[in-house]
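# A look at the structure
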Amino acid sequence: MAYAKVIILSCVTLAAIYLAFTHHEEPNYYEVLGVSEGSSAKEIKRAYRKQAGRYRPDAAPDNEERREEYRKLSEAYEILGDPETRQAYDKRQLSWRSLEF
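Procedures and definitions
Residues numbered from 1 in each chain as written. Predicted model: local features only at pLDDT ≥ 70, side-chain atom pairs only at ≥ 80, totals over all residues. Heavy atoms only, no water. Salt bridge = Lys/Arg side-chain N within 4 Å of Asp/Glu carboxyl O. Buried < 20%, exposed > 50% of the residue type's maximum accessible area, 1.4 Å probe, protein only. Helix = DSSP H or I, 4+ residues; strand = E, 2+ residues; numbered from the N terminus.

This part covers the pattern of salt bridges. For the structure on display, the rule yields 4 salt bridges. As a salt-bridge pair, Asp58 and Arg56 come within 3.0 Å of each other at their nearest N and O atoms. In this structure Asp58 comes out as exposed when scored by relative accessible area, which is 56%. The partner of Glu64 in a salt bridge is Arg67, with the nearest N and O atoms 3.5 Å apart. With a gap of 3 residues between them, Glu64 and Arg67 both fall in helix α4 (residues 64–80), about one helical turn apart. Taking the relative accessible area as the measure of exposure, Glu64 reaches 53% and is therefore exposed. On the basis of relative accessibility, which here comes to 37%, the residue Arg67 falls in the partly exposed class. Overlapping salt bridges, with partners in common, bring together Glu68, Arg71 and Glu75 in one network.

See the structure below:
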């Protein structure tokens with residue numbers, strides 16, 4: 001009886017781990033900015049400025065979609081614009097890809 005409980009608990013734990021890994025929802029910041037993963041810091045900055053100019057929330061203060069897009073762009077640039085956070089992000093993405101079932 002105790003072995004059956006351990007087996008069931010193990011199966012439930014494995015299912016929870018599987019769901020956690022397969023439902024990882026961190027955005028692809030490279031796609032948000034429209035650049036490749038091998039882009040230089042200068043290319044990332046240029047892409048951010050170009051996109052941010054299109055979606056400036058102060059140009060249309062009542063447009064929630066524009067505000068949300070600008071927020072995503074700013075978040076992507078905050079991560080990819082700094083070499084240390086970009087490196088950590090790239091490592092995290094690589095580890096998530098390698099753990100997918």
